[in-house]
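Structure assessment
Here is how the chains run, residue by residue.
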Amino acid sequence: MDIYRAIADPTRRAILDELVDRSGQTLFELCARLIMKHGIGSSRQAISQHLDVLESAGLIRTRREGRSKLHWFEGAPLKGIGERWPISTDRDESQDQDASQDRDTSPDPHTSHSTDEDIEK
Amino acid sequence: MRISATSVMVDDQQKALRFYTETLGFQLKHNIPLGEHSWITVVSKEAPEGTELVLEPDAHPAARPFKKALVEDGIPFTGFAVDDVEAEYERLVASGVRFVQPPTDLGPVITAVLDDTCGNLIQIMEEKGQP
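Nothing here was measured: the structure is a model prediction, and the numbers come from that model.

**Remarks on the overall build of chain B**
- Check the secondary structure of chain B and you find three helices and eight strands.
- Each helix (α) and strand (β) of chain B, taken in turn from the N terminus, gives the series β-α-β-β-β-α-β-α-β-β-β.
- Whereas a compact globule of 131 residues would reach a radius of gyration of roughly 14 Å, chain B reaches 15 Å, a difference of no more than 12%.
- With respect to the three principal axes, the spread of C-alpha positions in chain B is 50 × 35 × 35 Å.
- The buried share among the 131 residues of chain B stands at 42%.
- Pairs at least 24 residues apart make up 50% of the contacts formed inside chain B by residues separated by at least 6 positions.
- In the form shown here, chain B has an accessible surface area of approximately 7300 Å², with 54% of it arising from carbon and sulfur atoms.
- On chain B, the mean spot of the 11 positive side-chain charges and the mean spot of the 21 negative ones are 5 Å from each other.

Structure below.
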């Protein structure tokens, strides 16, 4: 799975947001955060499939700790995006502010978090 | 009809009795030998006449694979209410308890998930009061 397709889905971006917030989460913790903080009520199995997609794109890695499987964000594959389309350094501050607003802010999970046709809800 | 008892399935009843009383702080209610195993229940010191927690042997062949699958995905077998998740977390970590999820603010509740050393994860939960 290439990273562009992996991060095209809002649920998968929310998963990455939560793993950046705290590294080393179980599937249970991720699902709890997604429903309580993002209103994403997808099934555990659907979230597990999203995690498989992200792992195949190299954006998360997993490790066993005790008998639990934990998930970490891995940002290295995103480096290629910045190298392919370098961010110019001579931009003014107002442009930087515009860029910082480009983030998932829609509160409605039904319209913003159900776009990946590959994964059952 | 009332909920008088609920169970956790433990891999060793005596180890579980120590953990649930000495570490978590529940108190023994019943300890009745029944052949190979015992009927062991604990209660909250805050509600000694309340719901009993049965420390039930996980001897059935289906029990351990079931527990293993829950632990792998971080799913708590059951959960307990506490007044202050952060304080309980500090207290239990100091007693050597391992948490798979530290205190996490989920909006109306704060939760954390610990390992009971008997093959289960347990969630502790604090309901936030009304502001």
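**A closer look at the packing of helix 2 (residues 10–21) of chain A against helix 3 (residues 27–38) of chain A**
Residues and elements named next belong to chain A.
- Contact geometry for helix 2 and helix 3: axes closest at 10 Å, N-to-C directions at 110°. On the basis of their axis angle, the class for helix 2 and helix 3 is roughly perpendicular. Across from A14, I15, E18, L19 and D21 in helix 2, the residues of helix 3 making contact are L30, R33, L34, K37 and H38.
- By residue class, the composition of the contact of helix 2 with helix 3 is five nonpolar, one polar and four charged.

**Observations regarding the environment of A:D2**
All names here are of chain A.
- Within the secondary structure, D2 is located in the segment before helix 1 (3–6).
- A relative accessible area of 41% places D2 in the partly exposed class.
- Note: C-alpha distance between D2 and R33 (31 residues apart in sequence) is 26 Å.
- Within the structure, D2 has its side chain in polar contact with the backbone nitrogen of Y4 (distance 2.9 Å).

**Regarding the confidence of the model for chain A**
Residue and element names in this part refer to chain A.
- Mean pLDDT over chain A: 84, with 75% of residues reaching 70 or higher.
- Across chain A, the secondary-structure element scoring lowest on mean pLDDT is helix 7 (residues 109–112), at 47, and the one scoring highest is helix 2, at 98.
- Low pLDDT (under 50) marks residues 108–114, which in the prediction has 13 contacts with non-local residues, meaning those over four places away or in another chain.

**Looking at the sheet that holds strand 2 (residues 27–34) of chain B**
All names here are of chain B.
- Pairing is mixed across the open sheet formed by four strands, whose spatial order is 1-4-3-2. Here the strands that pair on one side only, and so sit at the sheet edges, are strand 1 (5–10) and strand 2. In this sheet, adjacent strand axes meet at a mean angle of 25° when their direction is disregarded.
- Here six bridges tie strand 1 to strand 4 (residues 52–57), and the two strands are oriented parallel to one another. Directly across from V8, in strand 4, lies its bridge partner L55.

**Topic: the interface of chain B and chain A**
- Each partner contributes residues to the interface: chain B has 20 residues there, and chain A has 16 residues.
- Of the roughly 1500 Å² buried between chain B and chain A, counting both surfaces, carbon and sulfur atoms make up 58%.
- If you sort the residues of chain B by the area they bury against chain A, B:E72, B:D73 and B:L106 come out on top, with a joint share of 34%.
- Residues A:R64 and B:E72 are paired through a salt bridge, measuring 3.1 Å at the closest nitrogen-oxygen approach.
- Along the contact surface separating chain B from chain A lie six residue pairs in polar contact (both at pLDDT 80 or more).

**Thoughts on the pattern of salt bridges**
- This structure, assessed with the given rule, holds 17 salt bridges over all chains.
- Where B:D58 meets B:R64, a salt bridge forms, and the shortest distance between an N and an O atom there is 3.1 Å.
- By relative accessible area, B:D58 is classed as buried at 4%.
- Because the salt bridges share partners, they merge into one network encompassing A:E18, A:D21, A:R22, A:E29, A:R33 and A:K37.

**Overview of the sheet that holds strand 6 (residues 99–105) of chain B**
All names here are of chain B.
- Pairing within the open sheet is mixed, and its four strands lie in the order 5-8-7-6. The open sheet has two edge strands, strand 5 (78–81) and strand 6, and neither has a second partner. Neighbour to neighbour, the strand axes of the sheet diverge by 20° on average, direction disregarded.
- Sheet topology note: the strand 6/strand 7 (residues 109–115) ladder contains four bridges and is antiparallel. Residue T104 lies in a different strand from strand 7, and its bridge partner there is T111.
- Contacts between helix 3 (residues 85–94) and the sheet are confined to strand 6, strand 7 and strand 8 (121–127), with strand 6 contributing the most and set at about 155° to the helix.

Definitions and limits used
Residues numbered from 1 in each chain as written. Chains lettered and ligands numbered in written order. Predicted model: local features only at pLDDT ≥ 70, side-chain atom pairs only at ≥ 80, totals over all residues. Heavy atoms only, no water. Helix = DSSP H or I, 4+ residues; strand = E, 2+ residues; numbered from the N terminus. Rg over C-alpha atoms; globule rule 2.2 N^0.38 Å. Buried < 20%, exposed > 50% of the residue type's maximum accessible area, 1.4 Å probe, protein only. Contact = heavy atoms within 4.5 Å. Areas by Shrake-Rupley, 256 points an atom, 1.4 Å probe, with all protein chains shown as cover. Lys, Arg positive; Asp, Glu negative; His and termini not counted. Charge placed at Lys NZ, Arg CZ, Asp CG, Glu CD. Axes fitted to C-alpha atoms, helices over the stretch in contact; angles between N-to-C directions. Parallel < 35°, antiparallel > 145°, perpendicular 65-115°, else oblique. Nonpolar A, V, L, I, M, F, W, Y, C, P; charged D, E, K, R; others polar. Polar contact = N/O pair within 3.5 Å; in protein donor to acceptor, adjacent residues only side chain to side chain. pLDDT = per-residue confidence, 0-100. Pairing = 2+ DSSP bridges. Buried area = accessible area lost by both parts, 1.4 Å probe. Salt bridge = Lys/Arg side-chain N within 4 Å of Asp/Glu carboxyl O.

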